[in-house]
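# Examining the three-dimensional arrangement
Listed below are the residues making up each chain.
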Amino acid sequence: MKKSIIGAICLSLAASMWGGMYVVSKYVLDFIPPFTLVWLRYMIAFIFLYAILFAVQKKSGQRQMMAKTDWLLLVWIGFIGYFVSISFQFIGTKLSDAHTGSLITSATPAFIVIFARWVLKEKITPRKLISMVLATLGVTIVIGWDFHVGDYFWGSLILVGAAVTWALLSVYVKVASKRLSSLTITTYAILFALVFTTPAMLWELQANDIFYESPLVIFSILYLGIVSTAGAFFLWNKGLELMDAGVGSLFFFFQPIVGSFLGWLLLNEQLNANFFIGGACIVLGVVIITFQKEG
């Protein structure tokens, strides 16, 4: 199977998992504050991934050696992507609204294409531009253009920061994948993100209580840690390893599609014609860029 197809499957699954994450998070955040929930996600994800990494290394009899520059790159990925970007998403959405947050963060693929050209020297081809325009048009149709920058200036500015920092994460994961496995990158980047998140979590717990007596809350946290964090982060990094970062960025658009669908399925939210029209544009854009001839 072509590397681009495998990469497309990994990226589609990752974005779909993140789309489903919002439905679960919406429930859990009634019981656990945001930074504490992120910390729990990272703790569970790290334990899960490290166990797999240890088993893989033990079976192969080899441990991947890493230079000082590799460790510094993993610290950077954990900081800029898994700590700063996720924190900006929480803060920005709190200072604006979920709709504005969805619209602004949908600009992430455009930033990835720009940084991929700058850092990785990836070419911006006509096919990429056509796919990007189609997918961007699609997500705009799905979400709608009800934009409130004037009402939520600071929140919107922070959300732009979230989009930029996630784009940087995606590009530097591609840089790291030239020397390290996707499993190694994901495991240790999450570890460093856990370290960076700990002070915010401790500060938050001074003014907030957590309620975890419900088995459903515990199950939801495990789901967020294992599926939406360990699984989705690994699949995103693996997909970027197999594809150009600029091409892989388009799969980010599956997130609002899956989120909207699950909102309809589980939360009785309404879907209109815009969902299906926009979804078709996104899928078409992804198909155009995925099934190109490999050079």
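Residues numbered from 1 in each chain as written. Predicted model: local features only at pLDDT ≥ 70, side-chain atom pairs only at ≥ 80, totals over all residues. Heavy atoms only, no water.

## Considering the overall build of the chain
A tally of regular secondary structure across the chain gives twelve helices and zero strands. Along its sequence from the N terminus, the chain presents helices and strands in the succession α-α-α-α-α-α-α-α-α-α-α-α. Across the 295 residues that make up the chain, the buried fraction comes to 51%. Look at the contacts in the chain between residues 6 or more apart in sequence, and 91% of them connect residues 24 or more apart. Of the roughly 14,500 Å² of accessible surface on the chain, 70% is carried by carbon and sulfur atoms. (Helix = DSSP H or I, 4+ residues; strand = E, 2+ residues; numbered from the N terminus. Buried < 20%, exposed > 50% of the residue type's maximum accessible area, 1.4 Å probe, protein only. Contact = heavy atoms within 4.5 Å. Areas by Shrake-Rupley, 256 points an atom, 1.4 Å probe, with all protein chains shown as cover.)

## A look at the nonpolar core
With 72 residues, the main nonpolar core has Trp18, Tyr42, Ile77, Tyr82, Trp166, Ile190 and Trp236 as its most contacted residues. Among the elements that make up this core, the one with the highest residue count is helix α9 (residues 215–242) (ten residues). The residues touching Trp18, leaving out its near neighbours within four places in the chain, are Trp166, Ser228, Ala232, Phe233, Trp236 and Gln255. (Core = buried A, V, L, I, M, F, W, Y, C linked by side-chain atoms within 4.5 Å.)

## Focus on the packing of aromatic side chains
Under the defined criterion, the tally for this structure stands at 17 aromatic pairs. Measuring from centroid to centroid gives 5.5 Å for Trp18 and Trp166, while their planes differ by 85°, and the two rings are edge-to-face. With Trp18 in helix α1 (residues 3–28) and Trp166 in helix α7 (residues 153–176), this residue pair connects regions lying 148 residues apart in the sequence. Considered together, Trp18 and Trp166 belong to a single accessibility category, that of buried residues. Arranged with centres 6.3 Å apart and planes meeting at 90°, the rings of Trp71 and Phe192 form a pair that is edge-to-face. On the criterion of sequence distance, the pair formed by Trp71 in helix α3 (residues 68–95) and Phe192 in helix α8 (residues 182–205) is long-range, its members being 121 residues apart. A relative accessible area of 19% means that Phe192 is categorised as buried. (Phe/Tyr/Trp six-rings, centres within 6.5 Å; stacked < 30°, edge-to-face > 60°.)

## Re the packing of α7 against α9
Taken N-terminus to C-terminus, the directions of α7 and α9 make an angle of 60°; their axes are 8 Å apart at the nearest point. In this view, α7 runs oblique relative to α9, as classed from their interaxial angle. Pair α7 / α9 crosses with right-handed handedness. Contact residues: Trp166, Ser170, Val173 and Lys174 in α7; Phe233, Trp236, Asn237, Leu240, Glu241 and Leu242 in α9. The residue makeup of the contact of α7 with α9, split by class, is six nonpolar, two polar and two charged. (Axes fitted to C-alpha atoms, helices over the stretch in contact; angles between N-to-C directions. Parallel < 35°, antiparallel > 145°, perpendicular 65-115°, else oblique. Left-handed = near helix turned anticlockwise from the far one by under 90°. Nonpolar A, V, L, I, M, F, W, Y, C, P; charged D, E, K, R; others polar.)

## Description of unusual backbone geometry
One non-glycine residue with positive phi stands out, namely Lys121, at about 60°. Positionally, Lys121 belongs in the loop between α5 (108–119) and α6 (126–143). Of the residues examined, Lys121 reaches a relative accessible area of 59% and is grouped as exposed.

## So, the confidence of the model for the chain
When pLDDT is averaged along the chain, the result is 82; 87% of the residues meet or exceed 70. Of all helices and strands in the chain, the one with the weakest mean pLDDT is helix α4 (residues 98–105) (61), whereas α8 scores best (95). (pLDDT = per-residue confidence, 0-100.)

## Here we look at the environment of Tyr42
Summarising the element assignment, Tyr42 is placed in helix α2 (residues 34–60). Classification of Tyr42 by relative accessible area gives buried; the value is 0%. Between the C-alpha atoms of Tyr42 and Phe192, which are 150 residues apart in sequence, the distance is 9.5 Å. Residues in contact with Tyr42, not counting those within four places in the same chain, are Tyr82, Ile86, Ile190, Ala193, Leu194, Thr197, Thr229 and Phe233.

## A look at a nonpolar patch on the surface
A cluster of nonpolar side chains, contributed by Phe88, Ile91, Leu95, Phe153, Trp154 and Leu157, occupies part of the molecular surface with about 590 Å² of accessible area. Within the element layout of this structure, Trp154 appears in helix α7. A relative accessible area of 59% means that Trp154 is categorised as exposed. (Patch = residues over 30% accessible without salt bridge, like charges linked within 9 Å, V, L, I, M, F, W, Y side chains within 5 Å. Salt bridge = Lys/Arg side-chain N within 4 Å of Asp/Glu carboxyl O.)

## Some thoughts on the environment of Tyr27
Here Tyr27 shows up in helix α1. On the basis of relative accessible area, Tyr27 is assigned to the partly exposed category, the value being 29%. With 190 residues separating them along the chain, Tyr27 and Val217 place their C-alpha atoms 8.2 Å apart. Apart from the residues lying within four places of it in its own chain, the contact partners of Tyr27 are Ser214, Leu216, Val217 and Ser220.

## What to know about α9
Between its first and last C-alpha, α9 extends 38 Å over 28 residues, near the 40 Å set by a 1.5 Å rise per residue. When the local axis directions of α9 are compared, the greatest deviation, roughly 30°, occurs at Ala232. Its side-chain oxygen placed 3.2 Å from the backbone nitrogen of Leu216, Ser214 serves as the N-cap of α9. (Expected span 1.5 Å × (residues − 1). Bend = angle between axes of the 7 residues up to and from the residue. Polar contact = N/O pair within 3.5 Å; in protein donor to acceptor, adjacent residues only side chain to side chain.)

## Describing the side chain of Ser85
Mapped onto the elements, Ser85 comes out in helix α3. Ignoring any residue separated from it by four or fewer positions in sequence, one finds Ser85 in contact with Ile80, Ala162, Thr165 and Trp166.

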